[in-house]
Number of protein chains: 2
Amino acid sequence: MLITIIGTGNVANALGNAFIEAGHIIAQVYGRKKESAKKLAIKLNSEETDNLEKLKLGSDVYLFCVSDDAIEKVADKILLKKIFCVHTSGAMQMNVLNKFMQYGVLYPLQTISTKRKLNFKDIPVCIETSDKNAEKKLKNLAMSISENIHHISSEQKLYLHLAAVFANNFTNNLYSDAANLLEDHKLSFRFLHPLILETALKAIEADPRKVQTGPAVRFDRNTIKKHLQLLEIYPDLKKSYQLLTKQIQQKNKN
Amino acid sequence: MLITIIGTGNVANALGNAFIEAGHIIAQVYGRKKESAKKLAIKLNSEETDNLEKLKLGSDVYLFCVSDDAIEKVADKILLKKIFCVHTSGAMQMNVLNKFMQYGVLYPLQTISTKRKLNFKDIPVCIETSDKNAEKKLKNLAMSISENIHHISSEQKLYLHLAAVFANNFTNNLYSDAANLLEDHKLSFRFLHPLILETALKAIEADPRKVQTGPAVRFDRNTIKKHLQLLEIYPDLKKSYQLLTKQIQQKNKN
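Structure report, in brief. (Residues numbered from 1 in each chain as written. Chains lettered and ligands numbered in written order. Predicted model: local features only at pLDDT ≥ 70, side-chain atom pairs only at ≥ 80, totals over all residues. Heavy atoms only, no water.)

### Here we look at the interface of chain B and chain A
Then comes step 1: Taken together, the contact between chain B and chain A spans 91 residues of the former and 90 residues of the latter.
Then comes step 2: Of the roughly 9,200 Å² buried at the junction of chain B and chain A (both faces included), carbon and sulfur atoms supply 64%.
Then comes step 3: Broken down residue by residue, the surface that chain B buries against chain A is led by Y159, F166 and F191 of chain B, which jointly contribute 8%.
Then comes step 4: Across the chain B-chain A interface, the total number found is eight salt bridges.
Then comes step 5: R116 of chain A is paired through a salt bridge with E205 of chain B; the nearest N and O atoms lie 2.8 Å apart.
Then comes step 6: For the interface between chain B and chain A, the tally reads 48 residue pairs in polar contact (both at pLDDT 80 or more).
Then comes step 7: For the side of chain B that touches chain A, the elements supplying multiple residues, two or more each, are α3 (68–77), α5 (154–184), α6 (193–205), α7 (221–230) and α8 (235–251) of chain B.
Then comes step 8: With 27 residues, the single largest contributor to the side of chain B that touches chain A is α5 of chain B. (Contact = heavy atoms within 4.5 Å. Buried area = accessible area lost by both parts, 1.4 Å probe. Salt bridge = Lys/Arg side-chain N within 4 Å of Asp/Glu carboxyl O. Polar contact = N/O pair within 3.5 Å; in protein donor to acceptor, adjacent residues only side chain to side chain. Helix = DSSP H or I, 4+ residues; strand = E, 2+ residues; numbered from the N terminus.)

### Quick word on the packing of helix α5 (residues 154–184) of chain A against α7 of chain B
Then comes step 1: At a closest axis distance of 11 Å, the pairing of α5 of chain A and α7 of chain B adopts a crossing angle of 100°. The angle between the axes of α5 of chain A and α7 of chain B places the two elements in the roughly perpendicular class. Residues L158, Y159, H161, L162 and V165 of chain A of α5 of chain A lie in contact with α7 of chain B, whose contacting residues are T223, K226, H227 and L230 of chain B.
Then comes step 2: When its residues are assigned to classes, the contact of α5 of chain A with α7 of chain B shows five nonpolar, three polar and one charged. (Axes fitted to C-alpha atoms, helices over the stretch in contact; angles between N-to-C directions. Parallel < 35°, antiparallel > 145°, perpendicular 65-115°, else oblique. Nonpolar A, V, L, I, M, F, W, Y, C, P; charged D, E, K, R; others polar.)

### A few points about the relation of the copies chain B and chain A
Applying a rotation about an axis and a shift along it to one chain copy brings it onto the other copy.
Then comes step 1: Overlaying chain B with chain A gives an RMSD of 0.0 Å, the required rotation being 180° about an axis along which the chain moves by 0.0 Å. Expressed as a symmetry operation, the mapping of one chain copy onto the other fits a two-fold axis. Among all residues of chain B, the minimum C-alpha distance to the rotation axis is found for T171 of chain B, at 2.6 Å.
Then comes step 2: A share of 99% of interface residues in chain B that are also interface residues in chain A marks the association as one of identical surfaces. (Least-squares fit on C-alpha atoms with pLDDT ≥ 70 in both.)

### Topic: a positive patch on the surface
Then comes step 1: Among the surface-exposed residues, R32, K33, K73 and K77 of chain A lie close enough to one another that they form a single positively charged patch.
Then comes step 2: Relative to the elements of secondary structure, K73 of chain A occurs in helix α3 (residues 68–77). (Patch = residues over 30% accessible without salt bridge, like charges linked within 9 Å, V, L, I, M, F, W, Y side chains within 5 Å. Areas by Shrake-Rupley, 256 points an atom, 1.4 Å probe, with all protein chains shown as cover. Lys, Arg positive; Asp, Glu negative; His and termini not counted. Charge placed at Lys NZ, Arg CZ, Asp CG, Glu CD.)

### Looking at the nonpolar core
Then comes step 1: Among the nonpolar cores identified, the biggest contains 124 residues, and L192 of chain A together with F64 and L192 of chain B are the most heavily contacted of them.
Then comes step 2: Among residues more than four places away in sequence, those in contact with L192 of chain B are L109, A163, A164 and A167 of chain A together with A178 and L182 of chain B. (Core = buried A, V, L, I, M, F, W, Y, C linked by side-chain atoms within 4.5 Å. Buried < 20%, exposed > 50% of the residue type's maximum accessible area, 1.4 Å probe, protein only.)

### So, the sheet that holds strand β7 (residues 125–129) of chain B
Paired through their backbone hydrogen bonds, the strands of a sheet run either parallel or antiparallel.
Residue and element names in this part refer to chain B.
Then comes step 1: Across the sheet, which stays open at both edges, the eight strands sit in the order β3-β2-β1-β4-β5-β6-β7-β8 with mixed pairing between neighbours. In the strand order of this sheet, the two ends are held by β3 (47–49) and β8 (149–151), each with one partner. Mean inter-strand twist for the sheet, computed between neighbouring axes without regard to direction, equals 25°.
Then comes step 2: Here three bridges tie strand β4 (residues 61–64) to strand β5 (residues 84–87), and the two strands are oriented parallel to one another. In the strand pairing of β5, Y62 is matched with C85. (Pairing = 2+ DSSP bridges.)

Structure below.
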């Protein structure tokens with residue numbers, strides 16, 4: 001397929017690479033900043049533009065990889081109408097693109113950073129389309145990079161995205177807290193590596209609701225008290241410790 | 001070595017198995033309940049007792065695998081004095097065992113459930129001992145199951161344990177939240193498996209403080225507003241969403 005990529009961030013980089021590897025051709029890369037567009041275009045063996053009015057006709061898909069707030073603004077500035085536009089956002093409705101002849105969503109449920117190479121094969125790719133013909137095209141595109149494709153409505157997608165915030169964003173924030181705490185006491189974050197990996201594997205292989213461990217679920221008051229004393233000088237950590245401990249206990253009080 | 005195991009829970013099971021596999025002999029297993037003691041003793045090719053006064057002399061190490069609150073109570077009831085007692089708690093001081101001739105701590109920094117087989121080789125095992133001779137014995141024992149041994153003071157250990165609560169207990173609780181949220185909307189938790197694994201690998205291979213993604217770190221108000229609307233009927237999740245979003249933003253406000 002011929003694909004136009006709109007955006008130059010983490011998602012544009014990761015999907016662009018995946019599409020190239022799957023044998024597609026990136027016809028054009030749009031970036032607000034000429035330099036960023038050029039950089040990605042070179043990587044993807046494509047050409048760049050920083051002018052949405054200069055997007056060329058002829059691509060099978062125009063893929064929006066821009067921030068949620070930018071999707072509508074970018075769509076407004078595109079003069080072409082008879083094209084197939086697809087965004088990649090977990091939080092935005094598909095209909096935000098309904099000014100185009102065909103439209104859809106391709107949402108890869110994964111945390112994407114430019115620096116980390118991702119294998120899309122196992123990543124759930126959620127798709128939604130305006131019509132059957134668009135569905136066929138988008139499904140083919142998705143299947144060329146992943147074996148884990150799902151038809152998902154915009155509403156369901158919003159719940160997936162919200163659950164992903166808990167499972168990734170908030171989790172990573174707790175890892176950061178742990179890293180700061182250890183660093184302050186001259187202990188390496190490496191101590192936690194095997195624990196972090198095992199925590200993830202356990203949640204995947206079992207059900208996280210059945211494998212909760214630690215002082216909260218044991219209602220171990222003395223240990224919780226000791227921890228809260230250590231956290232006296234970390235008011236933010238103390239707040240999250242108290243809230244999450246209380247929530248674990250409420251879930252397990254019977 | 002000859003080892004006596006005191007306790008029959010997750011840690012007793014996991015360490016007992018690891019010691020057997022490393023070629024040690026479990027001389028005796030103590031459990032408050034005769035049945036549990038017998039069950040573990042059979043698994044470990046050992047004999048059981050439910051009477052602390054009947055612990056036999058002769059083991060190189062008496063390993064306490066009981067809950068934090070029980071360590072002192074159990075120690076009080078043991079009549080033997082000239083033995084080497086070691087507890088496995090992350091939160092308790094070593095000195096809680098100072099009525100014995102030799103004492104120490106062997107703290108495996110990992111989440112341990114009876115049902116999951118663990119390979120101890122990479123697990124950080126933190127040790128602390130009352131004297132040089134005890135150190136030599138405990139180090140040998142620890143090295144027989146892990147290649148990741150650390151001499152750690154009781155104070156440092158407490159910070160490791162606290163950091164582990166953030167990295168495991170609280171993280172797993174967020175996975176549970178995500179699982180509940182998906183279940184309520186007829187979506188499988190399997191959608192999150194690749195994300196959960198990648199989140200862990202990313203934190204291990206990079207620094208979690210440098211790979212935060214999501215609406216909070218992007219200060220994406222519209223998405224955060226949408227998520228909070230969805231969480232109106234989940235008051236607990238709303239509280240943790242608000243607190244953790246605020247904390248991510250405070251960490252990244254510059």
